[in-house]
Structures are given as C-alpha cells and as structure tokens.
Amino acid sequence: MEWTGARYADCPSVEVETHVDAPPERVWVVVSDVELMPSMSGELQRVEWEHGAGEVGSSFVGHSKHPAIGEWSTTSYVIESEAPRVFAWAVGDATRPAASWRFSLERVDGGTRLRQWMQMGPARSGLSSAIDRMPDKEQKIVHGRMREFEANMTATLAAIKERVERVSD
C-alpha cells in the first residue's frame, strides 16, 4: 500500500482481489459464513451470530486480538447479502460504522473474481484512542493500520481460495 497521507476522517479504504477456480456459488458458501472467518484470519479469533444468520439486518459479534492493541469485541450488522454476489457488514452501527467490510464475487474466466474491501470510519474505533494520544502521528497510524488490513485481507483471500479450490478437487 502506497502512502496516501490519509487521516481517519478521510475514511480511507483498501481492496484486494484474487481469482478462485470455482463458481461464485461455491465461493459464496465460504465468504458468507462469518463463523468460518477466524480460521482464515490472524486477528479475528472467534465469531458468533447474535441475531439472524446472514440476512440483511442480522448481527454477529467478532472477537479479535492484536499484539499492539490487545483484545476486543465488536458487534457487526449485515448490510448487504445478495447470493452469490455480495456480502457486506458494518461494524458498530449500520448507518455510521467504525468500519465497513465487503466481499464481492464476479463470475469470470471459468471461476470467480473475489474482492475484499474495507473502509475505516466514519465513527470512532479502537484506533481513535491511539490517534487521540498522538495526533501528530495520525497519518502514520492510519497508514500502518491500513497496511495491516491489506496484508490480512490478502492472507484471508488466499485462505478462501485454497479452501474452495481444495474442496473443488
């Protein structure tokens, strides 16, 4: 990720993509199963559905861990769920989230173009307290966290690809 100089209020975003040798319907089964995500993430430790199970308006609690930040839990709300095309959720509040996340699936070249996108803000998040303590370092803090998100998302897509293609064989 290149330096952008973004501040938290800019609501920076990052997107990564991969090609999966399987149809979107098979990829959808994995990306829409939030309880499966901790097995493919270094930061997300555990997820459980709180209300509903994947339809728009349902909620889940994610428990995360980071060496510099510690442990925390957040409630997320499914804001888009259109099989096998898009699955998205908002962290903290569906209308003013601390972060927004989305998986997009597109049928291409005999398989699926899988994208994962996230946007920081606009509401405060755990990163906000670090920025409050060191406002002169805000751009570096935001850039560092966005780089971590990009690396984690790249690893998550690789794990999804491996899981789906392994089942395909």
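Structure: above.
So, here is what we can say about the structure in this document. (Residues numbered from 1 in each chain as written. Predicted model: local features only at pLDDT ≥ 70, side-chain atom pairs only at ≥ 80, totals over all residues. Heavy atoms only, no water.)

**Some details on the overall build of the protein chain**
The helix and strand inventory of the protein chain stands at three helices and seven strands. For 169 residues, the compact-globule formula gives about 15 Å, and the C-alpha radius of gyration of the protein chain, at 16 Å, lands near that figure. Dimensions of the protein chain, computed from C-alpha atoms along their principal axes, come out at roughly 50 × 35 × 25 Å. Counting over 169 residues, the protein chain shows a buried share of 44%. For the protein chain, the share of sequence-separated contacts (at least 6 apart) that also reach a separation of at least 24 residues comes to 52%. When the accessible surface of the protein chain is totalled, it reaches about 8900 Å², and 49% of it is carbon and sulfur. The protein chain carries 19 positive and 26 negative side-chain charges, and their two centres are separated by 4 Å. (Helix = DSSP H or I, 4+ residues; strand = E, 2+ residues; numbered from the N terminus. Rg over C-alpha atoms; globule rule 2.2 N^0.38 Å. Buried < 20%, exposed > 50% of the residue type's maximum accessible area, 1.4 Å probe, protein only. Contact = heavy atoms within 4.5 Å. Areas by Shrake-Rupley, 256 points an atom, 1.4 Å probe, with all protein chains shown as cover. Lys, Arg positive; Asp, Glu negative; His and termini not counted. Charge placed at Lys NZ, Arg CZ, Asp CG, Glu CD.)

**Side note on the nonpolar core**
Ranked by internal contacts, the top residues of the largest apolar core, which has 39 residues, are Val-27, Phe-103, Leu-114 and Ile-160. Mapped onto this core, the elements with two or more residues apiece are strand S1 (13-20), helix H1 (24-31), strand S2 (44-51), strand S5 (86-91), strand S6 (99-108), strand S7 (111-120), helix H2 (126-133) and helix H3 (138-168). Ile-160 has contacts with Val-27, Val-30, Val-31, Met-37, Met-40, Phe-103 and Leu-114, leaving out every residue within four places of it along the chain. (Core = buried A, V, L, I, M, F, W, Y, C linked by side-chain atoms within 4.5 Å.)

**Points about the packing of aromatic side chains**
Within this structure, the stated rule accounts for seven aromatic pairs. Ring centres 6.3 Å apart and planes at 5° place the aromatic pair Trp-89 and Trp-101 in the stacked group. Separated by 12 residues along the polypeptide, Trp-89 in strand S5 and Trp-101 in strand S6 bring together distant segments of the chain. As far as the burial class goes, Trp-89 and Trp-101 line up, both buried. With 5.5 Å between their ring centres and 85° between their planes, Trp-101 and Phe-149 make a pair best called edge-to-face. Remark: Phe-149 occurs in helix H3 and Trp-101 occurs in strand S6; sequence separation between them is 48 residues. The exposure class of Trp-101 is buried, given its relative accessible area of 15%. (Phe/Tyr/Trp six-rings, centres within 6.5 Å; stacked < 30°, edge-to-face > 60°.)

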